[in-house]
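Now for the letters of each chain:
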Amino acid sequence: MSAEAGYKKVFGRTESLKNNPTHYCPGCGHSIAHRLVAECLDEMGLREDTIGVPPVGCAVLAYNYFNFDMVEAPHGRALAVATGIKRARPEKFVLSYQGDGDLAAIGTAETIHAANRGEEISTLFINNAIYGMTGGQMAPTTVLGQEATTAPGGRDPKLHGRPIDISLMISHCDGVVYIERCSLASLKHIRQAKKAVRKCFQAQVDRLGFALVELLSPCPTNWKLSPKDAWAWVNEVMVKTYPLGVIKDTTGY
Amino acid sequence: MPSEKMLMRGSHVVGEAAVRAGCRFYAGYPITPQNELPEYLSARMLEVGGTFIQGESEIASINMVLGAASAGMRAMTSSSSPGIALKQEGISYMAGQELPGVIVNMMRGGPGLGNIAPSGADYFQATRGGGNGDYRTPVLAPAGCQELADITFVAFDLADKYRTPVMILGDGLMGQVMEPVVFPDPLKVESLPKKEWALTGCKGREPRALFSMLLNVNALYEHNLHLQEKYDEITAEEQRWETIMTDDAGLLVVAYGTPARIAESAIEELRAEGIAAGLFRPITLWPYPTIPLRNLAAKIGKVAVFEFSMGQMLEDVVLAVGDRAEIYFYGLPGGIVPTPSDIALFLRSALKGDGKVGRRIET
């Protein structure tokens, strides 16, 4: 019909996303991250082989949006659950999708050890420097000076400790083959993020080892910024603590 | 064909029985007195193409089991008391997500780090649910190596049948002691019943999701009612117990696990003196064989409870028996394993009601 009318389809729904409206706030990075995951799975023909593990956090309901098999993990345990799945079904594509509290605080041990074992799992690490779902408490990745409901006056290293760069930390593990940090706060950055996600997935397809993409993701609601200002904050402030770019790459791609 | 008779220690028996029952995934973290089980499986799983992972913690290990179970595998973890405490998070999630799995607890002394000697102090933790939420875990309490072998098969079958975590509750002595065992036939993994709920990738079907979070209050309400129906069915169908020499008994001894073995020898000692005592041995601690115990206790009129804790299973006995019989209790805090003669002293005292060993429980 559209072809007859002289139209060419240039954009549409991805099969890896269900036709459900999300609960994410306006300007939240999760919707974009979901879209990137879905596009890459579609393009790589992986959807029907994928088993995903959503986090406890804002994306806890990801199984309502992703159109593939998913199993809930307790807070922080996604990479242990994913390890169990991947070892049980090595022929499947296993995706762990986690936030900063999940991956870099309560799940630190699971993260480091899954990475260090070189589990063939693709991990999406959504870093928005705040606990979103619980209402804006300090995250392990909250940057110095950043306001949080449990860091009144801003994060003070003497009072609250310093932000953690877990991507850099686990890059030292031999089992890790690829880590890149990207931003979800401009069209250019989003395009780069998609390339990184795709590479992260390819590393698992080729059974190379552990791969992770960290996505600096805006949280306008808890940062108390407009979506536009939240984008600017990612690219102007957050990147100073979490510089963008490839942190480790031994894939040979 | 069943195996030849073999002399094996309890921890190895569970490992071998698990493999024969079709378990192809094990994750665990070292803790005494059950290290021989992961050690055994670290080699055995390789032989059968299964997975063994030494996890970075008990928490990670139970969650690896959760993951493998979600993918349809027969999966197991094991630990001892403080390690089982750490696994409660995962057990609660598995109950909520209706995922099968087997958890072995070779109990040691507590609370806290306690010691590595045999104990029965995790009865509450096992039977009352150590994790959050309104769930139940079937608990199987064998009393020796042969029963460990047989009951490991039962544990995997129950777990799959009811889509629930199941616990095998032994103790440090049972894990270490060597006894002759004949293993049942190995099951073929590919011939196990299909799991139509398992995550296998959504090729040719709608995607599946396994989760315990139900934000809609009505949905969680319905989910909990559904779980309760399942627990009611398990309670009705799966109670197991053994009675020994109870027909003519004037005293009914109630004990499970290792204490039941000691009690059986004590009963033989009494019988040699012409005193007719018998044993009621619960094998499922949840569901507890409440009514069978009630009926037998009411008939006999006198009950003597012995356990390796200061009165945990006792509560289930009191719930079952109430004031239908006199109840005497002798609890040891674990670690010090009494001889049958020690327990015979308690049983004689209970018969006389003189309060010299143990105490009378008022109901």
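Residues numbered from 1 in each chain as written. Chains lettered and ligands numbered in written order. Predicted model: local features only at pLDDT ≥ 70, side-chain atom pairs only at ≥ 80, totals over all residues.

All names here are of chain B. By the assigned domains, chain B splits into domain 1 (6-202 + 215-237) and domain 2 (242-361). Computed from C-alpha coordinates alone, the two centres of domain 1 and domain 2 are separated by 28 Å. Between domain 1 and domain 2, the contact holds 26 residues from the first and 21 residues from the second. Of all elements in the fold, only strand E6 (115-118), helix H5 (123-128), strand E7 (139-140), strand E8 (165-171), helix H7 (172-176) and helix H8 (217-237) reach the threshold of two or more residues within the side of domain 1 that touches domain 2. Ranked by residue count, the leading element in the side of domain 1 that touches domain 2 is H5, at 4 residues. In terms of residue class, the side of domain 1 that touches domain 2 is made up of 15 nonpolar, 9 polar and 2 charged. (Domains from an automatic or database assignment. Contact = placed C-beta atoms within 7 Å. Helix = DSSP H or I, 4+ residues; strand = E, 2+ residues; numbered from the N terminus. Nonpolar A, V, L, I, M, F, W, Y, C, P; charged D, E, K, R; others polar.)

On to the interface of chain A and chain B. At the interface, 28 residues of chain A touch 32 residues of chain B. Those elements that place two or more of their residues in the side of chain A that touches chain B are strand E1 (50-53), strand E2 (69-71), helix H2 (78-88) and helix H4 (108-117) of chain A. Per-element tally for the side of chain A that touches chain B: the top contributor is H2(A), with 8 residues. Tallied by class, the residues present in the side of chain A that touches chain B amount to 14 nonpolar, 5 polar and 9 charged. Where E2(A) meets strand E10 (residues 209-210) of chain B, 2 bridges bridge the pair, whose relative direction is parallel. What sits directly across from A:Val71, in E10(B), is B:Leu210. (Pairing = 2+ DSSP bridges.)

Here the focus is the sheet that holds strand E9 (residues 245-249) of chain A. Across the sheet, which stays open at both edges, the 8 strands sit in the order E9(A)-E7(A)-E8(A)-E4(A)-E3(A)-E1(A)-E2(A)-E10(B) with mixed pairing between neighbours. A strand with exactly one partner marks an edge of an open sheet, and here the two such strands are E9 of chain A together with E10 of chain B. Here strand E3 (residues 93-99) of chain A pairs with strand E4 (residues 122-127) of chain A via 5 bridges, running parallel. By the bridge assignment, A:Leu95 is partnered in E4(A) with A:Ser122.

It is worth spelling out the nonpolar core at this point. All names here are of chain B. Val253, Val303 and Leu347 are the most contacted members of the largest nonpolar core, which has 192 residues in total. In terms of residues, this core owes the most to one element, helix H6 (residues 145-162), which gives 9 residues. The two domains that each donate at least three residues to this core are domain 1 (6-202 + 215-237) and domain 2 (242-361). Not counting chain neighbours up to four residues away, the residues in contact with valine 303 comprise Leu252, Val254, Ala297, Val317, Val321, Ala325, Glu326, Ile327 and Tyr328. (Core = buried A, V, L, I, M, F, W, Y, C linked by C-beta atoms within 7 Å. Buried ≥ 20, exposed ≤ 12 C-beta atoms within 10 Å, placed from the backbone.)

To continue, consider the sheet that holds strand E12 (residues 251-254) of chain B. Residue and element names in this part refer to chain B. Spatially, the 6 strands line up as an open sheet ordered E11-E13-E12-E15-E16-E17, and their pairing is mixed. Edge positions in the sheet fall to strand E11 (241-244) and strand E17 (359-361), since each of these pairs with one other strand and no more. Neighbour-to-neighbour, the strand axes of the sheet open up by a mean angle of 25°, direction not taken into account. Two strands pair when backbone bridges link them, and E12 and strand E15 (residues 302-307) are joined in this way by 3 bridges, in the parallel orientation. From the neighbouring strand, leucine 252 faces E15, where its bridge partner is valine 303. Across the sheet, helix H10 (residues 290-300) is in contact with E11, E12, strand E13 (277-282) and E15; its angle to E12 comes to roughly 150°. Its contacts with the sheet place helix H11 (residues 313-321) against E12, E15, strand E16 (326-331) and E17, and it is angled at close to 160° to E15. (Axes fitted to C-alpha atoms, helices over the stretch in contact; angles between N-to-C directions.)

All names here are of chain A. At a minimum axis separation of 7 Å, H2 and H4 run at an interaxial angle of 40°. Every residue of H4 that contacts H2 at Leu79, Ala80 and Thr83 is listed here: Glu110, Thr111 and Ala114. Residue composition of the contact of H2 with H4, grouped by class: 3 nonpolar, 2 polar and 1 charged.

All names here are of chain B. Tracing the backbone shows lysine 302 in strand E15. Residue lysine 302 is classed as partly exposed on the basis of its C-beta count, with 18 C-beta atoms lying within 10 Å. Sequence separation of lysine 302 and alanine 277 is 25 residues, and the distance between their C-alpha atoms is 9.8 Å. When near neighbours in sequence (up to four residues on either side) are disregarded, lysine 302 contacts Gly250, Leu251, Leu252, Ala325, Glu326 and Ala350.

It is worth spelling out the environment of B:Ile267 at this point. Residues and elements named next belong to chain B. Its location among the elements puts isoleucine 267 in helix H9 (residues 257-272). Residue classification places isoleucine 267 among the buried residues on the basis of 27 C-beta atoms within 10 Å. Discounting residues that sit within four places of it in the chain, isoleucine 267 has contacts with Met245, Val253, Ala277, Gly278 and Leu279.

Residues and elements named next belong to chain B. Looking only at H10, the buried set comprises Leu293, Leu296, Ala297 and Ile300. When H10 is viewed along its axis, its buried side chains cluster within an angular range of 100° and face the same direction. For H10, the exposed residues lying more than 90 degrees away from the buried face are Ile291 and Lys299. Residues of H10 that are buried sit in contact with E11, E12, E13, E15 and H11. (Arc of directions from axis to C-beta.)

Attention shifts here to H11(B). Every α-helical turn comprises 3.6 residues, leaving residues that sit three or four positions apart pointing alike. All names here are of chain B. Along H11, the residues that are buried comprise Met313, Leu314, Asp316, Val317, Ala320 and Val321. For H11, the angular spread of the buried residues around the axis is 160°, confining them to a single face. Immediately beyond the C-terminal end of H11, within one or two residues, lies glycine 322, with a positive phi of roughly 55°.

Here the focus is the confidence of the model for chain B. Chain-level statistics for chain B give a pLDDT mean of 97 and a share of 100% at 70 or above. Here the complex is predicted with pTM 0.97, and the ipTM for its interfaces comes to 0.96. (pLDDT = per-residue confidence, 0-100.)

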